[in-house]
Amino acid sequence: MNSKPLRAFLNNTAILTVLIAAANAAEKSGPVTDKSRYHLFNPTPAELMRPMSTDRPDRTESPFTVDAGRVQIEMDIANWTRDRSEDSLVLGGMNLKFGLLHNVDIQFVFGGFQSIEDGAEGVGDLETRLKINLWGNDGGKTAFAVMPFIKWPTAADGVGDNDSIEGGIIFPLAIELSEGVGLGLMYELDILKDDDGSGYHADHIATATVGFDLTEKLGMYLEVAAEFPGEKVGDFVAVASVGWTFSPTENLQWDLGANFGLNDAAPDFNPFLGVSLRF
């Protein structure tokens, strides 16, 4: 493998570590219940479960894990992308999460059924992710996690990006700005196969989202995301997003939103509808 992706990972991780250490040093949080004795086969009692936090609908991942022994399903009911080059529709894309420990969950992201304008259709790729919360899972003004992941090339012909194993790591940070207002920041490093199959390269993704509690059950977010591909010059992608969430119960959340491309390299318009459940 080309050593450039590795050097990029080490350089960016070093910078990020310094910033996160500074944020953690400034963190002032009160005592929280010790939940370390709970695990996959000894579930967290309902009365000790933290508020449900999802990795959707925005692109910025959450640093909060699913409570130990609990299961969470986050699903795209419908996700349509309008692009000048090719439109596509995804039905039933799903992130299935299992709480392994009080601060660790494992995730299986299924690509769902995809239909592409050129006639290709079928199931998408499978991604395996591990989220490890380092602090703030059950209280405090900030929370931070690391999320290594691997993509397995299980997609039907013409549906997946390629037939290669790829992976990367995600660093999500959440900051409580004030009551009912939160900031989410994320850096993601992807190690992807070159288009010509000769090797791998590093892609860098940065996102920022601001979430607002409009009522006890209704929320809203605004987000910007940027992708910096490492293989070609000029493929910078910029996207803006807006969406709403509705939580009729503590274990159910509906979401509705859309992504808007800000430059020619980004898809033009991407509306979606989804739902998340916790058991």
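Owing to the predicted nature of the structure, the values given are computational and were not obtained by experimental measurement.

This brings us to the environment of Arg 82. With respect to the secondary-structure elements, Arg 82 resides in the loop between strand E1 (71-81) and strand E2 (88-91). Classification of Arg 82 as partly exposed rests on a relative accessible area of 43%. Put simply, Arg 82 and Phe 260 are 178 residues apart on the chain and 9.8 Å apart in space, counted from C-alpha to C-alpha.

Here E1 runs beside strand E3 (residues 94-101); their pairing, made up of five bridges, is antiparallel. Directly across from Gln 72, in E3, lies its bridge partner Lys 97. As paired strands, E1 and strand E15 (residues 269-278) are joined by seven bridges and run antiparallel to one another. Bridge assignment links Glu 74 to a residue of E15, and that residue is Ser 276. As paired elements, E1 and E2 share three bridges and run antiparallel to each other. Bridging from a neighbouring strand, Thr 81 pairs with Ser 88 of E2. Count of turn residues in the E1/E2 antiparallel hairpin: six residues.

Rules used in this analysis
Residues numbered from 1 in each chain as written. Predicted model: local features only at pLDDT ≥ 70, side-chain atom pairs only at ≥ 80, totals over all residues. Heavy atoms only, no water. Helix = DSSP H or I, 4+ residues; strand = E, 2+ residues; numbered from the N terminus. Buried < 20%, exposed > 50% of the residue type's maximum accessible area, 1.4 Å probe, protein only. Pairing = 2+ DSSP bridges.

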